[in-house]
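# Fold and contact review
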Amino acid sequence: MTKRMTKEELQDMYNDSWIYIMLLSTLVILTESLKNYTFVFTTKITYSIFLIPVILLITNYITKKYGFKRSLLAIIISTISLVAFVAIMYFAIGINFTLNAVSGQVVGYLICQLVNLFIYCFLLNNTSFPYILVLINYLFALIAFYLAYTVMQADLVIGKDFWSGYFITLVIQLVELTIITSFDKSIKRGLYSKK
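Structure report, in brief. Given the structure is predicted, the values throughout are model-derived calculations rather than measurements. (Residues numbered from 1 in each chain as written. Predicted model: local features only at pLDDT ≥ 70, side-chain atom pairs only at ≥ 80, totals over all residues. Heavy atoms only, no water.)

### Here's the deal with the overall build of the chain
- Helix and strand content of the chain: seven helices and two strands.
- The order of α-helices and β-strands along the chain, N terminus first, is α-α-β-β-α-α-α-α-α.
- Looking at the chain as a whole, 41% of its 195 residues qualify as buried.
- Contacts spanning at least 24 positions in sequence make up 77% of the contacts within the chain whose residues lie at least 6 apart.
- Accessible surface, the chain as shown: approximately 11300 Å² in total, 70% of it carbon and sulfur. (Helix = DSSP H or I, 4+ residues; strand = E, 2+ residues; numbered from the N terminus. Buried < 20%, exposed > 50% of the residue type's maximum accessible area, 1.4 Å probe, protein only. Contact = heavy atoms within 4.5 Å. Areas by Shrake-Rupley, 256 points an atom, 1.4 Å probe, with all protein chains shown as cover.)

### Section: the pattern of salt bridges
- Counted under the stated rule, the structure contains two salt bridges.
- Between Lys35 and Glu32 there is a salt bridge whose closest N-O contact spans 3.2 Å.
- Classification of Glu32 by relative accessible area gives buried; the value is 9%.
- For the salt bridge of Lys64 with Asp184, the shortest nitrogen-to-oxygen distance reads 3.6 Å. Of the two residues, Lys64 is situated in helix H3 (residues 52–66) and Asp184 in helix H7 (residues 162–186); the sequence distance between them amounts to 120 residues. Residues Lys64 and Asp184 agree in their burial class; the two are buried. (Salt bridge = Lys/Arg side-chain N within 4 Å of Asp/Glu carboxyl O.)

### Re the packing of helix H2 (residues 17–34) against H3
- Axis separation between H2 and H3 bottoms out at 10 Å; the angle between their running directions is 165°. The angle between the axes of H2 and H3 places the two elements in the roughly antiparallel class. At the point where H2 passes H3, the crossing takes the left-handed sense. Judged by residue contacts, Ser17, Tyr20, Ile21, Leu23, Leu24, Leu27, Val28 and Thr31 of H2 engage Ile52, Val54, Ile55, Ile58, Thr59, Tyr61, Ile62 and Tyr66 from H3.
- Residue composition of the contact of H2 with H3, by class: 13 nonpolar, three polar and no charged. (Axes fitted to C-alpha atoms, helices over the stretch in contact; angles between N-to-C directions. Parallel < 35°, antiparallel > 145°, perpendicular 65-115°, else oblique. Left-handed = near helix turned anticlockwise from the far one by under 90°. Nonpolar A, V, L, I, M, F, W, Y, C, P; charged D, E, K, R; others polar.)

### Describing H3
- The terminal C-alpha atoms of H3 lie 21 Å apart, and with 15 residues this matches the ideal 21 Å at 1.5 Å per residue to within 8%.
- Of all the 15 residues making up H3, 12 are buried; the element is thus mostly covered by neighbouring parts of the structure.
- Of the residues making up H3, those classed as buried are Ile52, Pro53, Ile55, Leu56, Leu57, Ile58, Thr59, Asn60, Ile62, Thr63, Lys64 and Tyr66.
- For H3, the secondary structure elements touched by its buried residues are H2, helix H4 (68–93), helix H5 (100–126), helix H6 (131–153) and H7.
- A positive backbone phi angle near 100° is found at Gly67, which sits one or two residues after H3. (Expected span 1.5 Å × (residues − 1).)

### Considering empty space enclosed by the protein
- Counted according to the given criterion, the structure contains one cavity of 30 Å³ or more.
- Residue lining of the largest cavity: Val28, Thr31, Ile52, Ile55, Leu56, Gln105, Tyr109, Cys112 and Phe145, and that is the complete set.
- For the lining of the largest cavity, the elements supplying multiple residues, two or more each, are H2, H3 and H5.
- The residue makeup of the lining of the largest cavity, split by class, is seven nonpolar, two polar and no charged. (1 Å grid on protein atoms, 1.4 Å probe; cavity = no way out; pocket = protein on both sides within 12 Å on 5 of 7 lines; lining within 4 Å. Points joined across faces, edges and corners; volume = space filled by probe spheres on them.)

### Examining the environment of Phe140
- Inspection of the secondary structure assignment puts Phe140 in helix H6.
- C-alpha separation for the pair Phe140 and Val115, spaced 25 residues apart in sequence, amounts to 8.1 Å.
- Residue contacts for Phe140: discarding those within four places in its chain leaves Val115 and Ile119.

### Some remarks on the packing of aromatic side chains
- Within the structure shown, the criterion is met by nine aromatic pairs.
- For the ring pair Tyr20 and Tyr66, a centre distance of 6.4 Å and an interplane angle of 35° mean the geometry is tilted. Here Tyr20, found in helix H2, pairs with Tyr66, found in helix H3; they are 46 residues apart in sequence, far enough to count as distant.
- Where Tyr120 meets Phe129, the ring centres are 5.4 Å apart and the plane angle is 85°; that geometry is what we call edge-to-face. With respect to burial, Tyr120 and Phe129 carry one shared label: buried.
- Counting every residue linked through ring pairs, the aromatic cluster contains Phe145, Tyr146, Tyr149, Tyr166 and Phe167. (Phe/Tyr/Trp six-rings, centres within 6.5 Å; stacked < 30°, edge-to-face > 60°.)

What follows is the structure, encoded as structure tokens:
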């Protein structure tokens, strides 16, 4: 028979969610750093596409282990760290920083994370958490990211290689998402999350 922990015992327990929040912030900064490095795969594609699904996995890990509030806190802290990183880099390079320089990335990131978080919490609490719905949630969050980023950053200027790069990026990320969704399904719910 298992003993139920009291509220005081839960508060005394070590809460390592800050480690994952800082990991999320670090990966967001790394994604921003890698967005200018590209490889050619019939069109230029940035290396940061490999990190965006991992960022979503870490957010979902925080949601499963520590609950909705910690995930929201993680998204806020990682967004602030993204803006601060870009501002510091612009200062170090000697360029005047404006919010337009980072608006597409920040808005795309926030919309992506919030869409992912709300749908993921719904799936976690109201369904049997099927693999295909979790995979579709990840894919939908990425599509929301690219849509918001394109609207804010590219001013809807679509070049000749836009659609081929867009679909190649989604196919590469879909392959990565199938692996990530398997990891996600194996994560057990934590003591801090509400069932």
